[in-house]
Amino acid sequence: SEIELRAILDETKEPLLKDLFTIAFYTGMRLGEIVNMKWSWIDFKQNQITIKCSEYFTPKSKNERIIPITQNSKTIFINRVPKVFSISNDDYVFSKFPRIKLNEDFISKKFKSSVRAAKLDEKIHFHSLRHSFASLLVQKGVSLYIIKELLGHEDLVTTQIYSHLQQQNLRDAVNLL
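Residues numbered from 1 in each chain as written. Predicted model: local features only at pLDDT ≥ 70, side-chain atom pairs only at ≥ 80, totals over all residues. Heavy atoms only, no water.

**Q** Is there a simple way to think about the overall build of the protein in this case?
**A** Within the protein one finds nine helices and three strands. Walking the protein from its N terminus toward its C terminus, one meets helices and strands in the order α-α-α-β-β-β-α-α-α-α-α-α. The globule rule puts the C-alpha radius of gyration for 177 residues at 16 Å, and the 17 Å found for the protein is close to it. The principal-axis extent of the C-alpha atoms belonging to the protein is close to 60 × 35 × 25 Å. In the protein, buried positions account for 45% of the 177 residues. (Helix = DSSP H or I, 4+ residues; strand = E, 2+ residues; numbered from the N terminus. Rg over C-alpha atoms; globule rule 2.2 N^0.38 Å. Buried < 20%, exposed > 50% of the residue type's maximum accessible area, 1.4 Å probe, protein only.)

Written out as structure tokens, the structure reads:
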């Protein structure tokens, strides 16, 4: 939930990690997609991220996809634009040093450390941010077909793991009668 995300962020000391965790929560991107994201993927005019295939990175679905950028995500990206040196479209959005990619295991361990420090459920792991993104959209009534596209799933069956929330929303609506 957003409340749990806040608790995790409160226990995360490094601003880079806070930004990365927040982007994961509000885009539903996989960890591999986030650490491989380059500035060329972000279109501030269209307010979208295009997850791109290259010789160095191929998304799990093996297809490019577009994710619209929320205003809070856009603010994070704008604040990440380096102030001291100019960026290249080839630079990673999330890195400590230009053109050096973050390690996925490092990110996962730091996330788990923040979860533990926040005294949250041990079952929460980095991929939970992606699940939370989809679950929040379902709770807000977004079609599973749209969520499928945002997550880059090939098959709707994969996306249907989030539909239990939608069914509960339907029950809640009928119970209002």
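Right, picking up where we left off after that structure.
**Q** How should unusual backbone geometry be read in this particular structure?
**A** If a residue is not glycine, its phi is most likely negative; likewise, a peptide bond is most likely trans. At asparagine 47, a residue that is not glycine, the phi angle is positive and equals roughly 55°. Tracing the backbone shows asparagine 47 in the loop between strand S1 (42-43) and strand S2 (48-51). By relative accessible area, which is 28% here, asparagine 47 ends up partly exposed. Look at lysine 119: it is not a glycine, yet its phi comes out positive at around 60°. The residue lysine 119 is located in the loop between helix H5 (104-117) and helix H6 (127-139) in this model.

**Q** What is the right way to look at H6 in this model?
**A** Structural remark: α-helix, 3.6 residues per turn; residues separated by three or four positions point the same way. With 13 residues, H6 extends 19 Å from end C-alpha to end C-alpha; this agrees with the ideal 18 Å at 1.5 Å per step. Positive phi appears at glycine 141, one or two residues downstream of H6, with a value of about 85°. (Expected span 1.5 Å × (residues − 1).)

**Q** What is the right way to read the sheet that holds strand S3 (residues 65-68) from this model?
**A** Neighbouring strands of a sheet are bound in pairs by backbone hydrogen bonds; such pairs are parallel or else antiparallel. Strand order across the open sheet formed by three strands is S1-S2-S3, with antiparallel pairing between neighbours. In this open sheet, the two strands that pair with only one neighbour each are S1 and S3. Of the pairings in the sheet, the one linking S1 to S2 comprises two bridges and is antiparallel in character. When the bridges of S2 are listed, isoleucine 42 appears paired with isoleucine 49. (Pairing = 2+ DSSP bridges.)

**Q** Please explain the pattern of salt bridges as it appears in this structure.
**A** Side-chain pairs of opposite charge can arise whenever the charged atoms involved come near each other. In total, this model carries eight salt bridges according to the counting rule given. With a shortest N-O distance of 3.0 Å, glutamate 122 and arginine 116 are connected by a salt bridge. Here arginine 116 falls in the partly exposed class, since its relative accessible area comes to 48%. Beyond isolated ion pairs, a larger network of salt bridges with shared partners links Glu14, Lys96 and Lys110. (Salt bridge = Lys/Arg side-chain N within 4 Å of Asp/Glu carboxyl O.)

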